[in-house]
Amino acid sequence: MMKDRTKEIILNELKNHQYSADFMAEYNLDKLFNIYCTNEIETYADLIKNHGEFVRVVIANMDLMDLSFLDGETMYDKSYHLRSLLWSRMQGFSVVNPVCYRGLKKEQDAYVSFVNYITSKRDRVLDVGPGRVPLSSIMIASDREDGVVGAMDWLALPDDVLKRFKVKGYRQQFRFDTKTDDCDIVVANKACDAFPAIVSNCSRSNKAYFMKLCDCFAPGGEIKGWHDCLREFDSRIKFDGSGYFATNLDMTPNQFDKALKENGCMGG
């Protein structure tokens, strides 16, 4: 349930400003969602609860909004269109709500455990592709100093909320020319098409990296399709026995396999 105080703030925002479905407007849905997050999310538990009430409150008060952006549509269509736009703001929460999160938690816990195993609390960690709500980054940062963990993705959470969890946000994709001066290691859990850029960038800048691969953009549609591709950027890259994990850390393949298993990391 949304906190009464948060609901009051959202309603006042809608009454006092001309919020619009047009994302180019001064008062737009992104701004409204950021206000919601700032007032609703204070603890880790707040992140994994159901946030659907934000959508319901805005839809129930859509008569207070400037919907001229949706001119030509019936009121029913405007409601449907607005609801879709609101849920798009909520996309990151859809994979961390209590129902979906159960299935991902074991895999994410293992990834975070391994990152903590290979780094010290002082190491500056850049977590690439953690999702719009960067739970893995928040978990890695939980017992570290402020600002040593960065999350790079199209983040849904505003900077003030990320700061509460000691995470620095980078709202961008990781590219071949991305600056990595502020980190000691780049880590990524199924970061889709970012793997070549991570390997190339880290190889050139002499940075450590650890990644769990996925087949979203894999050459040939298979995990091992990444292997030859990534070796072109770093001949020192090593893969575990399952083929899903890759790193340039100073350990043998057997040591890599053993450390992954000890931390619960599994392929797939």
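The preceding data block contains the structure.
Please read all numbers here as calculations on a predicted model, not as lab measurements. (Residues numbered from 1 in each chain as written. Predicted model: local features only at pLDDT ≥ 70, side-chain atom pairs only at ≥ 80, totals over all residues. Heavy atoms only, no water.)

Enquirer: Account for the overall build of the protein chain, with residues named and values stated.
Expert: Assigned secondary structure in the protein chain consists of 11 helices and 7 strands. Residues classed as buried in the protein chain amount to 50% of the 268 residues present. (Helix = DSSP H or I, 4+ residues; strand = E, 2+ residues; numbered from the N terminus. Buried < 20%, exposed > 50% of the residue type's maximum accessible area, 1.4 Å probe, protein only.)

Enquirer: An account of the side chain of D46 is needed here, citing residue identities and associated values.
Expert: The residue D46 is located in helix α3 (residues 44–47) in this model. Exposure remark for D46: the relative accessible area of 11% places this residue in the buried category.

Enquirer: A description of the sheet that holds strand β3 (residues 167–170) should follow, citing residues and the corresponding values.
Expert: Across the sheet, 7 strands lie side by side as β3-β2-β1-β4-β5-β7-β6; this open sheet has mixed pairing. A strand with exactly one partner marks an edge of an open sheet, and here the two such strands are β3 and β6 (238–239). Pairing of strand β1 (residues 125–128) with strand β2 (residues 149–152) involves 4 bridges; the strand directions are parallel. Each residue of the ladder has a partner; that of V128, found in β2, is M152. Against the sheet, helix α9 (residues 195–205) makes contact with β1, β4 (185–189) and β5 (208–212), and its axis sits at roughly 165° relative to β5, the strand it touches most. Set on the sheet, helix α11 (residues 253–262) makes contact with β5, β6 and β7 (245–247); between it and β7 the angle comes to about 125°. (Pairing = 2+ DSSP bridges. Contact = heavy atoms within 4.5 Å. Axes fitted to C-alpha atoms, helices over the stretch in contact; angles between N-to-C directions.)

Enquirer: I'd like a rundown of the pattern of salt bridges, residues and numbers included.
Expert: In the structure shown here, the tally under the stated rule is 13 salt bridges. Ionic pairing is found between K49 and E40, a salt bridge with its closest N-O pair at 2.9 Å. On the basis of relative accessibility, which here comes to 1%, the residue E40 falls in the buried class. Across the salt bridge formed by R231 and D228, the nearest N and O atoms sit 3.4 Å from each other. Of this pair, R231 and D228 both sit in helix α10 (residues 225–231), 3 residues apart, which is roughly one turn of that helix. (Salt bridge = Lys/Arg side-chain N within 4 Å of Asp/Glu carboxyl O.)

Enquirer: Provide a residue-level description of the side chain of S200, including the pertinent values.
Expert: With respect to the helices and strands, S200 occurs in helix α9. By relative accessible area, S200 is classed as buried at 9%. Filtering out sequence-adjacent residues up to four positions away, S200 remains in contact with F176 and F233.

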